Amino acid sequence: MLNRLVQWARRRSPWVLHYNSGGCNGCDIEILDLLTPRYDVERLGILKEASPRHADILLCTGPVTRQSRDRLRRIYEQMPAPKWVVAVGTCATSGGVFRGSYNMLGGIDQVIPVDLYIPGCPPRPEVIIEGLARLLATIDVPEDKPPRDAAEPPAEQLKSVAADEGEASDDGD
Amino acid sequence: MTRVTIPIGPQHPLLKEPLSFMLTAEGERVVDSVLRLGYVHRGIERLAEERSWVQNVHLLERVCGICSHIHTTTYCQGVEALLELEVPPRAQMIRTLMCELERIHSHLLWLGVLAENVGFTTIFMYSWRDREMVLDIMEDLSGGRIAHAVNIIGGVRIDPDAEQLDSIRRGLDKLQQQVDTLLDVVQHERSLRVRTQHVGRTTKELVRRHCVVGPVARAVGIDEDIRRDAPYAAYDRLSFKVITESGGDVWATALVRVRETSESLSLCHQILDQLDPGDVATRAGRRVPAGEVVSRAEAPRGEVIYYIRSAGTDKPARLKIRTPTLPALSLLGEQLRDIKLADVPVVLSGVDLCIACADR
Amino acid sequence: MDTQAILDALNDACPDHTFDAQAIPIDETVIEVPVICLKRVVACLGSGFSISHLSTITGQDTGTELELLYHFWSKGGLTLRVVLPYDDARIDSLTAVIPGADFYERELAEMLGVRLEGHPRSGLTEAEGFEHFLLPEDWRPGRPPLRKKQPPKENES
Ligand code: SF4
């Protein structure tokens, strides 16, 4: 019973966290735009949160610079399960225009698992809302999706998480 | 008194961009700060050396998502100087129009962020709502809200017709009313004033020592603006005032920016009235003759400088970008000294940081 | 800006070198300055012509040597060009005279491997007080990404 209530709340009012892992701001201002009168996602129950510990969904932009890699990983680890990650923007999905740079990992999924990709440079706010709606539509059955932590993480990720805990990791992934 | 060190960032509700600070505080007073950049460093200067001249227009548009157009303008006018291309007057006018629309967009966005940081959410909502009107105009012109892809080497890509110009005029008129309201609020609303006046104060001397440009410099009364001092694009054919204030606090920077927004609106009207007929672009070759160029332009946050060197091939040999946020960050170290902790957000938003620009 | 007056003053300040001005687009005056004279030239520009607004410093690897361009602004652009050989890439820091030069100089040290004498935080190795400015924490010093001969990709282990 409680479980169903939680699930209902999660679906009807997801709390999102926004992190820029090295993008150009274009996507970030479009995400912020979601809060303002024209798009106003709060009326749809979507609340922008400031702390990873309160968030269900991570809206992540940018191609992941080497400096922000560990920070992104830590934010993801701090989020309580179940959690979802949305890569917003072309550079978050693949590196975009910045692909090939020396300081770039080339997409969010190089570091943490991604549930939904929203390409576009930058995507329009409508598209971001549409993406979120589609993501929420997949959330309904509790047993369907095991919490992310329990799922088998890719081997590479395990390795880097372990390296993280042993202080500075020097693997370039 | 014991000292505590407070880390801020890179993921922090205060900042919409990743930047990291170590504040040292004694009780309520901030005594020192250490800054760490580099979370958004994408190595664009090096990347640009590996792309062709034309591809670079698209790369440089993404140095910064807020002032994307000014970067391509500075780049294109530099490359055009190397090519010794004559850019048609109509193209210059359209470029300038986009520059001014972008300035309006950036300043309104900034006002919203400031209001949010002083806890005045109503103004945040208002100014971001009004910003949508500028975005609509820019979208109508170019097809993009944030990334416009208007500039090409040799001119512009768009050629608005009379109907579009009319609808822009209508949009601008509506916007003018809103900007007047916002100016009124900034000037007279007591709570905003109390929170920003005498906060983050700088002096002319400090600003000069740190070589700061843009609205922060104009807020201490330094009368400098590249648009007037070294006119580029079509600015030599337009008339406008360079706005200065003397307070040097966050309130003064707010006044400068909002009044500049009004000035930009009037510039837009002038452009629409004087828009020359004719071509919007000249053909440019793929190779750029060897040589070097220093190109300057006034972005919403101050002067942008590009240094471009060509070795006569189809790629630049060196491309250096200096954006106005870098000197502002240098000054910020001084501003974050001996202030109250609670004022930190206000001071931060006063300088209008753009970390994506600073890190490149 | 009176270029001739500036040249005369510089010739007086550093008598063992003859200064010459060159114009590049867009309306920029370029003056070549020998490494040892840089500080004197900057002092002379500051005191004699109140040119002390340093817009930025461009560092570049031309393939044969390193070149630093100090872009000044005073109702017109003035650039000082300083050439450094690869094997002796060092120059006096200007941060004490122009605090605004701090960030640009740190960038030079990190991106191009130029040693800035007298700058507190821009050594080239950790022992010399190297601090990362734009590059990530795990970037080993000694591989500046803007040197052409050192493909930056190599830094990835
Ligand atoms: S996808 Fe495009 S607009 Fe979005 S952050 Fe990346 S470069 Fe900027």
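Residues numbered from 1 in each chain as written. Chains lettered and ligands numbered in written order. Predicted model: local features only at pLDDT ≥ 70, side-chain atom pairs only at ≥ 80, totals over all residues. Heavy atoms only, no water.

Explain the overall build of chain C to me, and be specific about the residues and the numbers.
Broken down by element type, chain C carries three helices and seven strands. For chain C, the α and β elements follow one another from N to C terminus as α-β-β-α-β-β-β-β-α-β. Within chain C, the proportion of its 157 residues that are buried is 53%. Total accessible area computed for chain C in this model is approximately 6,600 Å², and 50% of it derives from carbon and sulfur atoms. (Helix = DSSP H or I, 4+ residues; strand = E, 2+ residues; numbered from the N terminus. Buried < 20%, exposed > 50% of the residue type's maximum accessible area, 1.4 Å probe, protein only. Areas by Shrake-Rupley, 256 points an atom, 1.4 Å probe, with all protein chains shown as cover.)

Can you lay out the site of the ligand for me, pointing to particular residues and giving the numbers?
Taken together, A:Gly23, A:Cys24, A:Gly26, A:Cys27, A:Gly89, A:Thr90, A:Cys91, A:Phe98, A:Gly120, A:Cys121, A:Pro122 and B:Arg62 make up the full set of residues near the ligand. Looking at the residues close to the ligand, they fall on chains A and B. Elements represented by at least two residues in the shell around the ligand include exactly helix H2 (26–33) and helix H4 (90–94) of chain A. Residue composition of the shell around the ligand, by class: six nonpolar, five polar and one charged. (Near = heavy atom within 4 Å. Nonpolar A, V, L, I, M, F, W, Y, C, P; charged D, E, K, R; others polar.)

Lay out the state of the cysteines with the relevant residues and their values.
All names here are of chain B. Taken as a whole, this structure holds zero disulfides over all chains when the rule is applied. The cysteine Cys76 is free of any disulfide, with Cys99 supplying the nearest cysteine sulfur at 11 Å. On the basis of relative accessible area, Cys76 is assigned to the buried category, the value being 0%. The structure places no disulfide on Cys354, whose sulfur is separated from the nearest cysteine sulfur, that of Cys64, by 3.3 Å. (Disulfide = S-S within 2.5 Å.)

Explain the environment of B:Arg286 to me, using residue names and the numbers behind them.
Along the chain, B:Arg286 turns up in the loop between helix H11 (250–274) and strand S6 (291–299). Taking C-alpha positions, B:Arg286 is 50 Å from B:Asp184, a pair spaced 102 residues apart along the chain.

So what's going on with the interface of chain C and chain B? Residues and values would help.
Listed per partner, the contact involves 43 residues of chain C and 41 residues of chain B. Interface area for chain C against chain B, summed over the two sides, is near 3,400 Å², with a carbon-plus-sulfur share of 54%. Applying the counting criterion to the chain C and chain B interface returns four salt bridges. Across the salt bridge formed by B:Lys320 and C:Glu107, the nearest N and O atoms sit 3.1 Å from each other. Taken together, the connections running from chain C to chain B amount to 15 residue pairs in polar contact (both at pLDDT 80 or more). At the level of elements, strand S3 (54–61), strand S4 (66–73), strand S5 (77–84) and helix H3 (101–112) of chain C are the ones that each hand at least two residues to the side of chain C that touches chain B. (Contact = heavy atoms within 4.5 Å. Buried area = accessible area lost by both parts, 1.4 Å probe. Salt bridge = Lys/Arg side-chain N within 4 Å of Asp/Glu carboxyl O. Polar contact = N/O pair within 3.5 Å; in protein donor to acceptor, adjacent residues only side chain to side chain.)

Please give an account of the side chain of C:Gln60 that cites residues and values.
Looking at where C:Gln60 falls in the secondary structure, it is placed in strand S3. Only 2.9 Å separates the side chain of C:Gln60 from the side chain of B:Tyr307, close enough to count as a polar contact.

Can you explain the interface of chain B and chain A? Please cite residues and give values.
It is common to give the size of an interface as the accessible area that goes away when the parts come together. With 42 residues of chain B at the contact, the number on the chain A side is 38 residues. Around 3,200 Å² of area is buried between chain B and chain A when both sides are counted, 60% of it from carbon and sulfur atoms. The tally of links from chain B across to chain A stands at six salt bridges. Of the charged contacts, one joins A:Arg38 and B:Glu132 as a salt bridge, the two residues approaching to 3.6 Å between their closest N and O atoms. Where chain B meets chain A, there are 10 residue pairs in polar contact (both at pLDDT 80 or more). Of all the elements in the fold, those that place two or more residues in the side of chain B that touches chain A are helix H1 (44–50), helix H2 (53–61), helix H4 (89–117) and helix H5 (121–142) of chain B. Looking at the side of chain B that touches chain A, the element that brings in the most residues is H5(B), giving nine residues.

How would you sum up the confidence of the model for chain A? Please name residues and give values.
For any part of a model where pLDDT is low, the fine detail of the predicted coordinates should not be relied upon. In the predicted model, chain A carries a mean pLDDT of 74, and the fraction of residues at 70 or more is 74%. Low confidence marks residues 149–173 of chain A, where pLDDT is under 50. Its contacts with residues over four positions away, or in another chain, come to 28 contacts. (pLDDT = per-residue confidence, 0-100.)

Report on the pairing of strand S2 (residues 20–26) of chain B, specifying residues and quantitative values.
Residues and elements named next belong to chain B. When you tally the buried positions in S2, you get five out of seven residues, the bulk of the element. Here strand S1 (residues 3–8) runs beside S2; their pairing, made up of six bridges, is antiparallel. Looking at the pairing, Val4 lines up with Ala25 of S2. Sheet topology note: the S2/strand S3 (residues 29–36) ladder contains seven bridges and is antiparallel. Its bridge partner being in S3, Glu26 is matched across the sheet by Arg29. The antiparallel hairpin formed by S2 and S3 contains two residues in its connecting segment, where Gly27 sits at a positive phi of about 60°. (Pairing = 2+ DSSP bridges.)

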